[in-house]
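Descriptive analysis of the structure
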Amino acid sequence: SQQGEEDPQALSIQEGENATMNCSYKTSINNLQWYRQNSGRGLVHLILIRSNEREKHSGRLRVTLDTSKKSSSLLITASRAADTASYFCATANYGGATNKLIFGTGTLLAVQP
Amino acid sequence: GAGVSQSPSNKVTEKGKDVELRCDPISGHTALYWYRQSLGQGLEFLIYFQGNSAPDKSGLPSDRFSAERTGGSVSTLTIQRTQQEDSAVYLCASSFPGALETQYFGPGTRLLVL
């Protein structure tokens, strides 16, 4: 079963615009991660934010985390056609023995040149 | 190797046949994970191996699914008596001890059960 939902399910923007994706989750977490997937194959790790952090930056990526609302957002600034992909949030809770990730439903981003 | 590798890339099989999917993790990564991505269920955790500890099999959907990891490296996911609902992309990931948070994913095996 999935941890939560992402919205929007699909997003189409023009090159140069910013893209914002949101993720909500259900249980307590140790960290939240964002992944990118091209063409339905392997996932590429983008950024990780820990539960005691509120914002993190990496290049054109900005991630926020609000643990009180159990939500996160991913902002991609100055988007490029190459950013076209599916984006997934994933949460980790190390309360048990497993470091498994629980994924959201994903946002399909299309950046038009 | 440079990354996680999986084989085969694509597999087409007939309902009722057994299939084996292989994962080669990044050298030195002691943790290995299998996930499944299907249209109806999204990305789901299947099984987790960490060193010599007993694997966490809590995500396996039925007893037709099993996995093993030999020598703490290569892993094989076996699906017996495949069903059409097993059609999905099977993804393997590994992580480095001390940095278990970041998982590195392979390209996946796309399984189609006819």
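Scroll up to find the structure this text is about.
Overview of the structure. (Residues numbered from 1 in each chain as written. Chains lettered and ligands numbered in written order. Predicted model: local features only at pLDDT ≥ 70, side-chain atom pairs only at ≥ 80, totals over all residues. Heavy atoms only, no water.)

**As for the overall build of chain B**
Scanning chain B for helices and strands turns up 0 helices and 10 strands. Listing each helix as α and each strand as β along chain B from the N terminus yields β-β-β-β-β-β-β-β-β-β. For a compact globule of 114 residues, the expected C-alpha radius of gyration is about 13 Å, and chain B comes in at 13 Å, within 12% of that figure. Expressed as lengths along the three principal axes of its C-alpha atoms, the size of chain B is roughly 40 × 25 × 25 Å. A buried classification covers 49% of the 114 residues belonging to chain B. Accessible area for chain B stands at about 5,400 Å²; split by element, carbon and sulfur atoms hold 47% of it. In chain B, 10 side chains carry a positive charge and 11 a negative one; their mean positions are 4 Å apart. (Helix = DSSP H or I, 4+ residues; strand = E, 2+ residues; numbered from the N terminus. Rg over C-alpha atoms; globule rule 2.2 N^0.38 Å. Buried < 20%, exposed > 50% of the residue type's maximum accessible area, 1.4 Å probe, protein only. Areas by Shrake-Rupley, 256 points an atom, 1.4 Å probe, with all protein chains shown as cover. Lys, Arg positive; Asp, Glu negative; His and termini not counted. Charge placed at Lys NZ, Arg CZ, Asp CG, Glu CD.)

**Focus: the interface of chain A and chain B**
The interface is formed by 21 residues belonging to chain A together with 24 residues belonging to chain B. Buried surface at the junction of chain A and chain B, summed over both partners, amounts to about 1,800 Å²; 46% is from carbon and sulfur atoms. Applying the counting criterion to the chain A and chain B interface returns 0 salt bridges. Where chain A packs against chain B, one counts 4 residue pairs in polar contact (both at pLDDT 80 or more). (Contact = heavy atoms within 4.5 Å. Buried area = accessible area lost by both parts, 1.4 Å probe. Salt bridge = Lys/Arg side-chain N within 4 Å of Asp/Glu carboxyl O. Polar contact = N/O pair within 3.5 Å; in protein donor to acceptor, adjacent residues only side chain to side chain.)

**Quick word on the sheet that holds strand S1 (residues 5-7) of chain B**
Pairing between the strands of a sheet comes from backbone hydrogen bonds, and it takes one of two forms, parallel or antiparallel. Residue and element names in this part refer to chain B. The 4 strands lie next to each other as S1-S3-S7-S6, forming an open sheet whose pairing is antiparallel. Edge positions in the sheet fall to S1 and strand S6 (65-69), since each has one partner strand and no second. When strand polarity is set aside, the average angle formed by the axes of neighbouring strands in this sheet is 15°. Bridge count for strand S3 (residues 19-24) against strand S7 (residues 75-79) is 5 bridges, and the pairing is antiparallel. From the neighbouring strand, Cys23 faces S7, where its bridge partner is Ser75. (Pairing = 2+ DSSP bridges. Axes fitted to C-alpha atoms, helices over the stretch in contact; angles between N-to-C directions.)

**Some details on the sheet that holds strand S8 (residues 71-76) of chain A**
All names here are of chain A. The strand order S1-S3-S8-S7-S6 describes an open sheet built from 5 strands, whose pairing is antiparallel. At either margin of the open sheet sits one strand with a lone partner, and together these are strand S1 (5-7) and strand S6 (55-58). When the angles between neighbouring strand axes are averaged without regard to direction, this sheet yields 15°. Note: strand S3 (residues 19-24) against S8, 6 bridges, orientation antiparallel. Paired with Met21 across the strands is Leu74, a residue of S8.

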